[in-house]
Amino acid sequence: MELIQETPDLSAYLAADEVIDHHHPLVRDTAARLAKDAEDSYVYARLAFEFVRDTIPHSQDSGDLRVTWRASDVLEQRTGICYAKAHALTALLRAEDIPTALCYQTFDVVHGLVAVRFNGAWHRQDPRGNKPGVNARFSLGEEQLAFLPDTAAGESDHPVLYAAPPPSVLRALRAASDRPHLWKTLPTTL
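Please read these numbers as outputs of a predicted model, since none were measured by experiment.

### Some words on the overall build of the protein
- A tally of helices and strands in the protein yields seven helices and six strands.
- If you list the helices and strands of the protein from N to C, you get β-α-α-α-α-α-β-β-β-β-β-α-α.
- Its C-alpha radius of gyration of 15 Å places the protein within 12% of the 16 Å reference for a compact globule of 190 residues.
- Each of the three principal axes of the protein carries a C-alpha extent, and together these read 40 × 35 × 35 Å.
- Taking all 190 residues of the protein together, the buried fraction comes to 51%.
- The long-range share in the protein, meaning contacts at least 24 apart out of those at least 6 apart in sequence, stands at 59%.
- Split by element, the accessible area of the protein, about 8600 Å² in all, is 49% carbon and sulfur.

### Focus on helix α5 (residues 82–95)
- For α5, which comprises 14 residues, the first-to-last C-alpha distance of 20 Å matches the rise-based estimate of 20 Å (1.5 Å per residue) to within 8%.
- Within α5, 14 of the 14 residues are buried, leaving the element largely enclosed by the surrounding structure.
- At the exit of α5 stands Asp97, carrying a positive phi of roughly 60 degrees.

### Remarks on the pattern of salt bridges
- One pass over the full model with this rule turns up 10 salt bridges.
- Arg70 is the salt-bridge partner of Glu18, the closest N and O atoms lying 3.2 Å from each other. Taken together, the residues Glu18 in the loop between β1 (4–5) and α1 (25–35) and Arg70 in the loop between α3 (59–62) and α4 (71–77) connect sequence positions 52 residues apart.
- Judged by relative accessible area, Glu18 falls into the partly exposed class, the value being 45%.
- Its salt-bridge partner being Arg70, residue Asp73 comes within 3.2 Å of it at the nearest N-O pair.
- Among the ionic contacts, a cluster of salt bridges with common partners joins Glu18, Arg70, Asp73 and Arg174.

### Considering the environment of Ala146
- Position of Ala146 among the secondary structure elements: in the loop between β4 (121–125) and β5 (156–157).
- The class for Ala146 is buried, based on a relative accessible area of 9%.
- Considering only alpha carbons, one finds Ala146 and Glu6, 140 residues apart in sequence, at a separation of 24 Å.
- Here Ala146 is in contact with Asp126, Arg128, Val134 and Ala136, once residues within four sequence places are set aside.

### Some points on the side chain of His123
- Here His123 shows up in strand β4.
- With relative accessibility at 15%, the residue His123 sits in the buried group.
- A distance of 3.4 Å separates a polar side-chain atom of His123 from the backbone oxygen of Phe118.
- The contact partners of His123, leaving out residues within four places of it in the chain, are Val114, Ala115, Val116, Phe118, Ser139 and Leu140.

### Description of the sheet that holds β5
- The four strands lie next to each other as β4-β3-β2-β5, forming an open sheet whose pairing is antiparallel. Strands with a single pairing partner mark the edges of an open sheet, and in this sheet they are β4 and β5.
- In the sheet, strand β2 (residues 100–106) pairs with β5 via two bridges, with the strands oriented antiparallel. Its bridge partner being in β5, Gln105 is matched across the sheet by Asp157.
- The strands that α5 touches are β2 and β3 (110–118); relative to β3, the one it contacts most, it runs at about 15 degrees.

### With respect to α1
- Every buried residue of α1 is listed here: Val27, Thr30, Ala31 and Leu34. Around the axis of α1, the buried residues are gathered within 100 degrees of arc, so they sit on the same side.

So, how was this worked out
- Residues numbered from 1 in each chain as written.
- Predicted model: local features only at pLDDT ≥ 70, side-chain atom pairs only at ≥ 80, totals over all residues.
- Heavy atoms only, no water.
- Helix = DSSP H or I, 4+ residues; strand = E, 2+ residues; numbered from the N terminus.
- Rg over C-alpha atoms; globule rule 2.2 N^0.38 Å.
- Buried < 20%, exposed > 50% of the residue type's maximum accessible area, 1.4 Å probe, protein only.
- Contact = heavy atoms within 4.5 Å.
- Areas by Shrake-Rupley, 256 points an atom, 1.4 Å probe, with all protein chains shown as cover.
- Expected span 1.5 Å × (residues − 1).
- Salt bridge = Lys/Arg side-chain N within 4 Å of Asp/Glu carboxyl O.
- Polar contact = N/O pair within 3.5 Å; in protein donor to acceptor, adjacent residues only side chain to side chain.
- Pairing = 2+ DSSP bridges.
- Axes fitted to C-alpha atoms, helices over the stretch in contact; angles between N-to-C directions.
- Arc of directions from axis to C-beta.

Encoded structure:
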């Protein structure tokens, strides 16, 4: 699948906003701590991916009822669903000047991923968190995502790379009083 930038301006994939708040002190401190152990941007990207995947539990897996959506809140509260974890990883990567996009798959609902740009190409990553049956890994080669869509069942990969979360994703996250409420309002399309 060919990934398509929503905007041709690569600087949009380095920008901060209310959701991808990579200028927030907690995001900056976390990025600086991870960068100390990285000899280059590839190693940093892998470390940031593993940090989000492994130290911030997916709220459904952990049973946490809180809903986070802003990157700094995800890092502070140490919880989030796929979208929130993608926001946190995007902020950490952009904090170190690594172009990062938000991208999605559709199953029964829309699932959030990120794509990082290295060597002139985009590479999708899934920081949702591993569990039995899910083994996502950071890779610039063959994708190692949490889930593969079954196209015969109507599931799909979306080729668009977003600089900011689509309104349907952000609306659902912001309106949710808790995770059970969010589960009833998750977007099924972008």
